[in-house]
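If you want the building blocks of each chain, they are given just below.
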Protein chains: 2
Amino acid sequence: FGAPPSTDPMWGYFTAIAGQDGEIDAEELQRCLTQTGISGSYTPFSLETCRIMIAMLDRDMTGKMGFNEFKELFAVLNGWKQNFMMFDQDRSGTVEPLEMSQAISSMGYRISPQALSCILKRYSKGGRIYFDDYVACCVKLKALTDNFRRRDTMQQGTVAFPYDDFILCTMAI
Amino acid sequence: FGAPPSTDPMWGYFTAIAGQDGEIDAEELQRCLTQTGISGSYTPFSLETCRIMIAMLDRDMTGKMGFNEFKELFAVLNGWKQNFMMFDQDRSGTVEPLEMSQAISSMGYRISPQALSCILKRYSKGGRIYFDDYVACCVKLKALTDNFRRRDTMQQGTVAFPYDDFILCTMAI
Ligand SMILES: [Ca+2]
Ligand SMILES: [Ca+2]
Ligand SMILES: [Ca+2]
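No experiment lies behind these values; they were computed from the predicted model shown. (Residues numbered from 1 in each chain as written. Chains lettered and ligands numbered in written order. Predicted model: local features only at pLDDT ≥ 70, side-chain atom pairs only at ≥ 80, totals over all residues. Heavy atoms only, no water.)

K.L.:
How do you make sense of the packing of helix α1 (residues 9-18) of chain A against helix α2 (residues 26-36) of chain A when you look at a structure like this?
P.N.:
In a pair of packed helices, the angle between the axes and the distance between the axes together describe the arrangement. All names here are of chain A. Packing of α1 against α2 leaves a shortest axis separation of 10 Å and a crossing angle of 150°. Considered as vectors, α1 and α2 are oriented roughly antiparallel to each other. In this structure, the crossing between α1 and α2 has a hand that is right-handed. Residues Tyr13, Phe14 and Ile17 of α1 lie in contact with α2, whose contacting residues are Glu28, Arg31, Cys32, Gln35 and Thr36. Of the residues that constitute the contact of α1 with α2, the class distribution is four nonpolar, two polar and two charged. (Axes fitted to C-alpha atoms, helices over the stretch in contact; angles between N-to-C directions. Helix = DSSP H or I, 4+ residues; strand = E, 2+ residues; numbered from the N terminus. Parallel < 35°, antiparallel > 145°, perpendicular 65-115°, else oblique. Left-handed = near helix turned anticlockwise from the far one by under 90°. Contact = heavy atoms within 4.5 Å. Nonpolar A, V, L, I, M, F, W, Y, C, P; charged D, E, K, R; others polar.)

What follows is the structure, encoded as structure tokens:
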């Protein structure tokens, strides 16, 4: 992220939409991502998915995203897109539950069969997982895991959550 | 829920869509709720909101909903709709953040200003909260709080979550 913004091709997309305050909300992020063409031939991201993308990176909790976070998001999304295309071997535009569970473990998450089964039901439509839902699932899994790890400072695998912190960690994503 | 299903007016909506297995998934729930007209003049529920409605009541984790859960959902939704209409005093079809925070405390949730501020940003569009997002917020808050309380058996206000249980409690809603 070292280049001066003015020479960065994404700076144009971003500033045209962000305006003076230099931050974008979920509806602006949706337009911004559509303009960059990152969804390719897949359906553009839903507003819901854009909302949790913002929540994933919104450490100062303003509900908005600056240019550096936008670039960070863009890099993460590109990784997930590569992954999705790799697992969608027949180019149907969807991955199937078994492939999704392989994708999740390839990202390094260790999840029980029960939790995995819940996740697959939640993010599939008619037994298939579309790109937007795939990304929504990746965003949530990353954000929840990051929130958990940030609190699991001794790496014990268990975190004591007071109610309010539990809500804070989960309601926005 | 004591009436025999065949004399219950909602049984017709439900069975027409559920078919032989007597269970509905998120897309069927969306059609079912639209047919009952519960959204009234508001926009029908989004698929996302229907997905978390199912997760909220899906104690056996099949990803689907039977008739009794459908009726339970319908009763809860009617309560939230009354509440929404009461707080939307100017009949604009939206509630504003301050009214939303009053609605949340009127439901008995005790939430810090910081968590509340996150919630209001997450569920509003252009500074207003629409019915579908209002319900999504209520569903999530109820489901997360229920999951928390079920584990807080000593009512200490803090729960020790192993990573996998944390994911199980939060990924589907
Ligand atoms: Ca921010
Ligand atoms: Ca495929
Ligand atoms: Ca209003």
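Still to come is the rest of the account.
K.L.:
I'm lost on the packing of helix α3 (residues 47-57) of chain A against helix α4 (residues 67-87) of chain A in this one. Help?
P.N.:
All names here are of chain A. Two numbers describe how α3 lies on α4: the axes approach to 10 Å, and their chain directions differ by 115°. Where α3 crosses over α4, the handedness of that crossing is right-handed. Touching Met53, Met56 and Leu57 of α3 are Glu69, Glu72, Leu73, Leu77 and Trp80, all from α4.

K.L.:
Before we go on, may I ask you to explain the coordination of the calcium ion (ligand 3) in this structure?
P.N.:
Any two of four tetrahedral donors ideally make an angle of 109.5 degrees at the metal, while pairs among six octahedral donors ideally make 90 or 180 degrees. Protein-derived coordination of the calcium ion (ligand 3) comes from Asp88 of chain B (OD), Asp90 of chain B (OD), Ser92 of chain B (OG), Thr94 of chain B (O) and Glu96 of chain B (OE), at a distance range of 2.4 to 3.1 Å. Look at where the donors of the calcium ion (ligand 3) fall in the sequence and you get D-x1-D-x1-S-x1-T-x1-E. (Donors = N, O, S within 2.8 Å, 3.2 Å for Na, K, Ca; no water.)

K.L.:
Whenever I open this one, the layout of surface pockets confuses me. Can you help?
P.N.:
Rolled over the atoms, a probe with the dimensions of a water molecule shows which regions are left empty. For the largest pocket, the calculated volume is near 710 Å³. Ser46 and Glu48 of chain A together with Ser46, Leu47 and Glu48 of chain B are, among the 43 residues lining the largest pocket, the residues nearest its centre. Secondary structure elements with two or more residues in the lining of the largest pocket: α3, α6 (113-123) and α7 (131-151) of chain A together with α3 (47-57), α6 (113-123) and α7 (131-151) of chain B. (1 Å grid on protein atoms, 1.4 Å probe; cavity = no way out; pocket = protein on both sides within 12 Å on 5 of 7 lines; lining within 4 Å. Points joined across faces, edges and corners; volume = space filled by probe spheres on them.)

K.L.:
What exactly am I supposed to notice about the packing of aromatic side chains here?
P.N.:
Describing an aromatic ring pair means giving the distance of the ring centres and the angle of the ring planes. What the rule picks out here adds up to 31 aromatic pairs over all chains. Ring centres of Phe14 of chain A and Phe70 of chain A lie 5.4 Å apart, and the angle between their planes is 40°; on these two criteria the pair is classed as tilted. With Phe14 of chain A in helix α1 and Phe70 of chain A in helix α4, this pair connects stretches of sequence that are 56 residues apart. Relative accessible area serves as the criterion here: at 1%, Phe14 of chain A is assigned to the buried category. Classification of Phe70 of chain A as buried rests on a relative accessible area of 0%. Taking 5.0 Å as the distance between ring centres and 5° as the angle between the ring planes, the aromatic pair formed by Phe166 of chain A and Phe161 of chain B counts as stacked. With Phe166 of chain A in helix α8 (residues 163-170) and Phe161 of chain B in strand β3 (residues 158-162), this residue pair bridges two chains. Each residue in the set Phe148, Phe161, Tyr163 and Phe166 of chain A together with Phe148, Phe161, Tyr163 and Phe166 of chain B is aromatic and connected to the rest through ring pairs, giving one cluster. The side chain of Arg122 of chain A reaches across the aromatic face of Tyr123 of chain A, ending 4.6 Å from its centre. (Phe/Tyr/Trp six-rings, centres within 6.5 Å; stacked < 30°, edge-to-face > 60°. Buried < 20%, exposed > 50% of the residue type's maximum accessible area, 1.4 Å probe, protein only. Lys NZ or Arg CZ within 6 Å of the ring centre and 35° of its normal.)

K.L.:
What is the right way to look at the confidence of the model for chain A in this model?
P.N.:
Interpretation of the predicted coordinates at a detailed level should be avoided for regions scoring low in pLDDT. Averaged over all residues, the pLDDT of chain A equals 92, while 97% of them reach at least 70. Taken over the whole predicted complex, pTM reads 0.92, whereas the ipTM for its chain interfaces reads 0.92. (pLDDT = per-residue confidence, 0-100.)

K.L.:
Teacher, can you tell me more about the interface of chain B and chain A here?
P.N.:
Note on interface size: it is often stated as the accessible area lost on association of the parts. Facing the 44 residues of chain B at the interface are 44 residues of chain A. Both sides together, the interface formed by chain B and chain A hides about 4000 Å², and carbon and sulfur atoms give 62% of it. On the chain B side of the interface with chain A, the three residues burying the most area are Arg122, Tyr163 and Met171 of chain B, jointly 20% of the side's total. At the boundary of chain B and chain A, one finds four salt bridges. Put simply, Glu48 of chain B and Arg122 of chain A hold a salt bridge, and the shortest N to O gap is 3.1 Å. For the pair chain B and chain A, the number of links is 22 residue pairs in polar contact (both at pLDDT 80 or more). Listed by contribution, the elements that provide at least two residues to the side of chain B that touches chain A are α3, α6, α7, β3 and α8 (163-170) of chain B. Class assignment of the residues belonging to the side of chain B that touches chain A gives a composition of 24 nonpolar, ten polar and ten charged. (Buried area = accessible area lost by both parts, 1.4 Å probe. Salt bridge = Lys/Arg side-chain N within 4 Å of Asp/Glu carboxyl O. Polar contact = N/O pair within 3.5 Å; in protein donor to acceptor, adjacent residues only side chain to side chain.)

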